[in-house]
Each structure stands twice: as C-alpha cells, then as structure tokens.
Amino acid sequence: MNAEFFEAIEDIEKEKGISRNYMYDKIRQAMLTAFRRDNPECEDNVEVILDEDKKRIEMNVMKTVVDEVADPSHEINLEAAKKYSRRAKLGDLVPIPVETKKFGRIAAQSAKQVIIQGIREAERGLVYEEFTSKEHEILTGVVSHIEPRNGAVSIRISSNSEYTEAMLSPNECIKGENLSEGDRVKVYVVEVRNSTRGPQVIISRTHPGLVKRLFELEVPEIFDGTVEIKSIAREAGSRTKMAVWSADPNVDAIGSCVGPRGGRVAAIVSELGGEKIDIVNYSENPEEYIAAALSPSEVVSVTMLEDGKSCRVIVPDSQLSLAIGKEGQNARLAAKLTGFKIDIKPESEA
C-alpha cells in the first residue's frame, strides 16, 4: 500500500505539475489533523515520517520515559518503553507508533478533505501563475457556452498545459459579432485576479490591445521593432484608427502594416469581423499628426489653440461630412488617437 501511495504522488507530480514536497506537507497536515481530532490532548509531540527511499509512512507519538506517568499523552513508564526500544532509559524520548487504521471515520474524512483541498489550491496556484504571465497577450480559446439571457460567452482558454474557463461579458464582445459554441476565437487577456473561487481571467474582444497584438502577430516589422505602434483609438466592431512610425527612413510604416495587396490588414479585419482599420503616420509635429489622424478627409490647415490641448481644423466644404464622420465617429477617433480636442470648420465659414 505504501509503495502504491508514493507512486500515486509521483503520478500527480507528472500529470498536474504539483511538487511532491508540497503534497507531502499537505498529507502530513492531514494525518496530524485526523489524529488530533481523536486525540486532542496530543499537540506538539506527534510526528509523521514519509520515507521515499524505503517507501513507508509512519506516524509516531513522542513520549518521555519517566518513573511515574502523570500525563499519558506525553509520558510513558520505563517498562512500557522497553517494548518499543530496548535501549530506552529514563529521560529519553521514545517514538510510539500509531496505527492509522484506528483513525475514526470522521477523522479520516477530514484528512481526505485536507488532501483534496491541497491539490485544488496547488492547481489554482499553477493556473494563476501561468495566466498572470499572459496578461496583455492574445490567447486562443474555444466557445464552450453562450448565456441566452444576457449573451455572456464562456470561453475555455489554454496556455501551455493549463486550462481555465473565462467569461467574455457582453460589454467585451464585438458589437454585431455572432459567436457559436465550438468556435475558436482570439481574446485579449486584460487582467488575472486571484479570487476565493480560484484564478479569474478577465478577457476582452473590444480592448485596443487586441488590435495591437494582432498586428504584432501579422506584421514582422512591428514584431521586431522596425515599425512602432504609437497610438490606437478603437470603437470595436465599427472602426479603429492606428498611428504608426518607423525610425528607419527606408521603411514605409503604413505599407508594412497593410502588406502586399493589403493581405496583412485584411487578415486582421477578418479576425475582427469586418471592423474598418485606418492606419496613419505618427508625427512629433501636432499639426501634421492631427491632419493625418482625420484621414481619409483632406485637411486645409490645423491651428493649435493657446491651451495647448485643442486645435481648429479647416477642411474643404466638400470634405466636412467625411472629416466629421458618421455620427461624429471620424473626428471622435482622431481626437482619441492624438489626445487633442479637435474643432472642425468648413473652409467657407473660416
């Protein structure tokens, strides 16, 4: 039985990645809990030995050899001690073996619960560590369930050998996107929290970070740092504006992101369910940057205002509606991308 026990611990270590020393500590704790439940008078004089080499488990109550026994839970007379150790003499500590078969049913059940709880805690710890290392990264998951009442999507995500269920709330779903059970979907890991129920992975499909990571996966120049993403403004499911820049004058930052025949950006648009993506050149010059951010509209002039946080933009009369965009979206995203308040005026009014 003892040999099988050690083999089982070894299997748990291999399958679940839980350290055997961690398990040994939990088993010692469980056995001590079980023994003390039936023997509350024994506190600090009980030891549990798990010997891997000899494949044996022992539990002993350590008792002091005395002439007259005043406290049976801690003391033993010399004659009785000789049964356990022939060399026993007064004042010695003698280990008295405990037969674990004699544990009460309730005590044994509580020991079992301590071991099970220990395995669960270790598994949660491994999952938490693995997914914490994936914060602000993209993971691929499989839709396992869709809540019919509110549209929340339960997604089984994996990282290396660890799996967990994460909830994609309705607010984090791309507007108009229809997911079905079994669909494979990329999600952005916003945060990992350690709650009483175990690790809670917060995921999103609407976060601007998802667009950034998708471009890093699709565009080698972004991945290796030749092209840098300076800013992203996104209204998920509708439109994204992204400002890019390259320190190498021989590299076309926008062209790198678009790819041959638009293949790179098309792959990302497809992943995002047809969301439009405007890619513009970043500039240290605010006027140039703001004019580029209002693309695809033409811009006549950009005038920075005294507060340093606002500007007035003049556009051709024919371009006014394009500059503002449907329901003000183009101007709103340009303002979010650049960090400036933008007041757009037609050329005739200016």
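Residues numbered from 1 in each chain as written. Predicted model: local features only at pLDDT ≥ 70, side-chain atom pairs only at ≥ 80, totals over all residues. Heavy atoms only, no water.

**Q** Got a sec to walk through the sheet that holds strand S7 (residues 162–168)? Specific residues and values, please.
**A** Strand order in the open sheet formed by five strands is S7-S6-S5-S8-S9, and the pairing between neighbours is antiparallel. Bordering the open sheet on either side are S7 and strand S9 (198–204), each of which pairs with just one other strand. Recorded for the sheet is a direction-independent mean angle of 50 degrees between the axes of neighbouring strands. Pairing between strand S8 (residues 184–195) and S9: seven bridges, direction antiparallel. What sits directly across from Ser-195, in S9, is Gly-198. Across the sheet, helix H5 (residues 208–218) is in contact with strand S5 (138–146) and S8; its angle to S8 comes to roughly 125 degrees. (Pairing = 2+ DSSP bridges. Helix = DSSP H or I, 4+ residues; strand = E, 2+ residues; numbered from the N terminus. Axes fitted to C-alpha atoms, helices over the stretch in contact; angles between N-to-C directions. Contact = heavy atoms within 4.5 Å.)

**Q** Lay out the environment of Ile-254 with the relevant residues and their values.
**A** With respect to the helices and strands, Ile-254 occurs in helix H7 (residues 253–258). The exposure class of Ile-254 is partly exposed, given its relative accessible area of 23%. On a C-alpha basis, the gap between Ile-254 and Val-244 in space is 6.8 Å, while along the polypeptide they are 10 residues apart. If we ignore the near neighbours within four places in the chain, the residues touching Ile-254 are Val-244, Ile-279, Val-280 and Asn-281. (Buried < 20%, exposed > 50% of the residue type's maximum accessible area, 1.4 Å probe, protein only.)

**Q** Explain the pattern of salt bridges residue by residue, including any values.
**A** Taken as a whole and judged by the stated rule, the model has 19 salt bridges. The residue Arg-312 makes a salt bridge to Asp-343 at a minimum N-O spacing of 3.7 Å. With Arg-312 in strand S14 (residues 310–315) and Asp-343 in strand S15 (residues 341–346), this pair connects stretches of sequence that are 31 residues apart. Of the residues examined, Arg-312 reaches a relative accessible area of 36% and is grouped as partly exposed. A relative accessible area of 30% means that Asp-343 is categorised as partly exposed. One salt bridge connects Lys-345 with Glu-349, and the closest N-O pair in it is separated by 3.6 Å. The exposure class assigned to Glu-349 is exposed, which follows from its relative accessible area of 54%. Each of Asp-51, Arg-56 and Glu-58 takes part in a single network of salt bridges with overlapping partners. (Salt bridge = Lys/Arg side-chain N within 4 Å of Asp/Glu carboxyl O.)

**Q** Outline the layout of surface pockets, listing residues and values.
**A** Where empty space is left in the structure can be found by rolling a water-sized probe over the atoms. Here the second largest pocket defines a volume of roughly 300 Å³. As for the second largest pocket, its lining consists of 16 residues, of which Ser-238, Arg-239, Gly-325, Lys-326 and Gln-329 are closest to the centre. Class assignment of the residues belonging to the lining of the second largest pocket gives a composition of two nonpolar, seven polar and seven charged. (1 Å grid on protein atoms, 1.4 Å probe; cavity = no way out; pocket = protein on both sides within 12 Å on 5 of 7 lines; lining within 4 Å. Points joined across faces, edges and corners; volume = space filled by probe spheres on them. Nonpolar A, V, L, I, M, F, W, Y, C, P; charged D, E, K, R; others polar.)

**Q** Give me the lowdown on the side chain of Asn-330, citing residues and values where you can.
**A** Residue position: Asn-330 is located in helix H11 (residues 329–338). Here the side chain of Asn-330 touches Ala-323 through a polar contact of 2.9 Å, landing on its backbone oxygen. Filtering out sequence-adjacent residues up to four positions away, Asn-330 remains in contact with Arg-239, Lys-241, Asp-278, Leu-294, Ser-295, Pro-296, Leu-322, Ala-323, Ile-324 and Gly-325. (Polar contact = N/O pair within 3.5 Å; in protein donor to acceptor, adjacent residues only side chain to side chain.)

**Q** Kindly report on the sheet that holds strand S13 (residues 301–304), identifying the contributing residues and their values.
**A** Read from one edge to the other, the open sheet built from three strands follows the order S13-S14-S15, with strand pairing classed as mixed. Bordering the open sheet on either side are S13 and S15, each of which pairs with just one other strand. For this sheet, the mean angle separating the axes of adjacent strands, direction not counted, is 20 degrees. Sheet analysis places S13 next to S14, joined by four bridges and oriented antiparallel. When the sheet's bridge partners are listed, Val-302 is paired in S14 with Val-313. Contacts from helix H9 (residues 286–293) reach S13, S14 and S15 within the one sheet, and its direction differs from that of S13 by about 130 degrees.

**Q** Just give me the short version of H9, but keep the residues and values in it.
**A** Among the residues of H9, Tyr-289, Ile-290 and Ala-293 are the ones counted as buried. Down the axis of H9, the buried set is contained in an arc of 95 degrees. They therefore lie on one face. Between the side-chain oxygen at the start of H9 and the backbone nitrogen of Glu-287 there is a gap of 2.9 Å, and the oxygen is on Asn-285. (Arc of directions from axis to C-beta.)

**Q** Tell me about the pairing of S14, residues and numbers included.
**A** Looking down a regular strand, the side chains alternate between one sheet face and the other. Most of S14 sits out of view: five of its six residues are buried. By the bridge criterion, six bridges tie S14 to S15 in an arrangement that is parallel. Note that in S15 the partner of Val-315 across the bridge is Pro-346.

**Q** Outline the nonpolar core, supporting the account with residue identities and numerical values.
**A** The biggest cluster of nonpolar side chains holds 21 residues, and the ones touching the most others in it are Phe-215, Met-242, Val-244, Cys-257, Leu-272 and Ile-279. Looking at this core, the elements with two or more residues in it are H5, strand S10 (227–235), strand S11 (239–246), H7, helix H8 (263–271) and strand S12 (276–281). When residues of this core are assigned to their parent elements, the largest contribution, four residues, is made by H5. Each residue touching Leu-272, except ones within four places of it in the same chain, is listed here: Ile-174, Leu-210, Val-211, Leu-214, Arg-234 and Ile-277. Among the nonpolar cores identified, the runner-up in size contains 20 residues, and Phe-5, Tyr-24, Phe-35 and Cys-42 belong to it. (Core = buried A, V, L, I, M, F, W, Y, C linked by side-chain atoms within 4.5 Å.)

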